[in-house]
Amino acid sequence: MTTVKALLAGARQRLISADIDNSTLDARLLLQEVTGLSHAEIVGSPETVIAAEQAANFEILVKRRTSAEPVSRILGKREFYGREFLVTPDVLDPRADTETLLEICLDHLAKDRPLRILDLGTGSGILALSLAVELRLATIEAVDVSEAALKVARINADKLGVAERCDVHLGNWFSGCTGTYDLIVSNPPYIETTAIAGLEPDVKNFDPLLALDGGVDGLSAYRVIARECSSYLSGEGKVAVEIGAGQQADVIAVFESHGFSCLEARQDLGGHVRALIFGVAFSD
Ligand code: GLN
């Protein structure tokens, strides 16, 4: 017979020995999953007895976490901007940092107009679908080169009740896109190819390479987007991208070389500039 307290203490020890940060939080989230107990029940009643089968299931999940598999992948879900998204091995694990990109978009868009929005490399759909929920008049196109990722995005669109306004389709960047958009948004792959081997195991072993690899200098995707997006932007249209730490000057230079000017650069909670938004520069 074992208790909540004993299971959590044992799991924490194993996670700490495996160099896993957030051992307390992760152990609790995994225990919530197998027992169905709430956060309050776990914290408030540490002496609660846990059935042997649930305890065994908990051990299996803790073992996966000790191999660096992120909790979101073990649970198959991740919260983003207050909503729950299905996550599978086919999509990038949504990061809290990406909320910075969502927020910069929301702050630069008119809420009272029927906007057309394009999300390039949608993955699980966090950006496209959060925009659809926040902007009730908007119609969204969410594009990805991975059919497997699109399946995930479609399930998430249904779960959030926005599937009617979201066209989730296969495409390599702008292929298959027609007309113009008020916003083009993307969290593209931006890691330098040679840096991928040195990433943390929870990233390099679990996020799809396709969602990480930004080419030799990490800027390949920005070059494609900057080169092609002006053909797809409405007169007042804007383009917003997530960037990696330290990429601000390089990505701004890429967009400026295609006639854009940076309207705002916004930091994430870690203090890195994470999101840039551009408009067409005025010319004489
Ligand atoms: N934000 C991810 C990371 O830091 C990378 C995602 C991306 O390349 N868009 O690992």
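This is a predicted model, so every value here is computed, not measured.

Parameters and conventions
- Per chain, residue numbering runs from 1 following the sequence as it is written.
- Only residues with pLDDT of 70 or above have their local features reported here, since the model is predicted, and side-chain atom pairs are shown and tallied only from 80 upward, although totals for entire chains, interfaces and linings are computed over all residues.
- Only hydrogens and water are set aside; all other atoms, that is, all heavy atoms of the structure, feed into the side-chain values.
- Interaxial angles span 0 to 180 degrees and are taken between N-to-C directions of axes, which are lines fitted to C-alpha atoms, for helices over the stretch in contact.
- A helix here means a DSSP run of H or I that spans at least four residues, while a strand means a run of E at least two residues long, and both kinds are numbered starting from the N terminus.
- If an angle is under 35 degrees, it is roughly parallel; if it is over 145, roughly antiparallel; if it lies from 65 to 115, roughly perpendicular; otherwise it is oblique.
- For a crossing to be left-handed, the near helix must be turned anticlockwise from the far one by less than a right angle; the clockwise case is right-handed.
- Contacts: residue pairs with any heavy atoms within 4.5 Å of one another.
- Classification of residues uses two cut-offs on accessible area relative to the type maximum, computed with a 1.4 Å probe and protein chains only: under 20% is buried, over 50% is exposed, and between them is partly exposed.
- The sign given to each residue is positive for Lys and Arg and negative for Asp and Glu; His and the chain ends receive no count.
- We define a salt bridge as a contact between a side-chain nitrogen of Lys or Arg and a carboxyl oxygen of Asp or Glu at a distance within 4 Å.
- Here a polar contact is taken to be a pair of N or O atoms separated by no more than 3.5 Å, where protein atoms must pair a possible hydrogen donor with a possible acceptor and residues adjacent in sequence count only if both atoms sit in side chains.
- Here, a disulfide means two cysteine sulfur atoms that sit within 2.5 Å of each other.
- Multiply 1.5 Å by the residue count of a helix minus one, and that product is the helix's expected span.

Undergrad: Please explain the packing of helix α1 (residues 4-17) against helix α4 (residues 52-66) as it appears in this structure.
TA: Two quantities define a packed helix pair, namely the angle between the axes and the distance from one axis to the other. The contact between α1 and α4 brings their axes to 10 Å, and the two run at 20 degrees. Judged by the angle between their axes, α1 and α4 are roughly parallel. For the element pair α1 and α4, the recorded crossing hand is right-handed. Taken together, the residues of α4 that come into contact with α1 (itself represented by Leu-7, Ala-11, Arg-14 and Leu-15) are Ala-55, Phe-58, Glu-59, Val-62, Lys-63, Arg-65 and Thr-66.

Undergrad: Any chance you could explain the side chain of Asp-144 here in plain terms?
TA: Among the secondary structure elements, Asp-144 is positioned in strand β6 (residues 139-144). It turns out Asp-144 is buried and unbridged, and the closest side chain with the opposite charge, Arg-154, is 10 Å from it. Among the polar contacts made by the side chain of Asp-144, one reaches the main-chain amide nitrogen of Gly-123 at a distance of 2.8 Å. Ignoring any residue separated from it by four or fewer positions in sequence, one finds Asp-144 in contact with Gly-121, Thr-122, Gly-123, Ala-149, Leu-150, His-169, Leu-170 and Gly-171.

Undergrad: Could you clarify how one ought to interpret the state of the cysteines in this entry?
TA: Throughout this description, disulfide means a covalent bond between two cysteine sulfur atoms. This structure, assessed with the given rule, holds zero disulfides. Cysteine Cys-166 is unpaired, with the sulfur of Cys-177 as its nearest cysteine sulfur at 14 Å.

Undergrad: Is there a simple way to think about helix α2 (residues 23-35) in this case?
TA: Residue pairs spaced three or four apart in an α-helix point in one direction, given the helix's 3.6 residues per turn. Taking 1.5 Å of rise per residue, 13 residues should cover 18 Å, and α2 covers 18 Å from first to last C-alpha, within 8% of that figure. Of all the residues in α2, the buried ones are Ser-23, Asp-26, Ala-27, Arg-28, Leu-30, Leu-31, Gln-32, Val-34 and Thr-35. Note on α2: the residue one or two positions beyond its end, Gly-36, has a positive phi of about 75 degrees.

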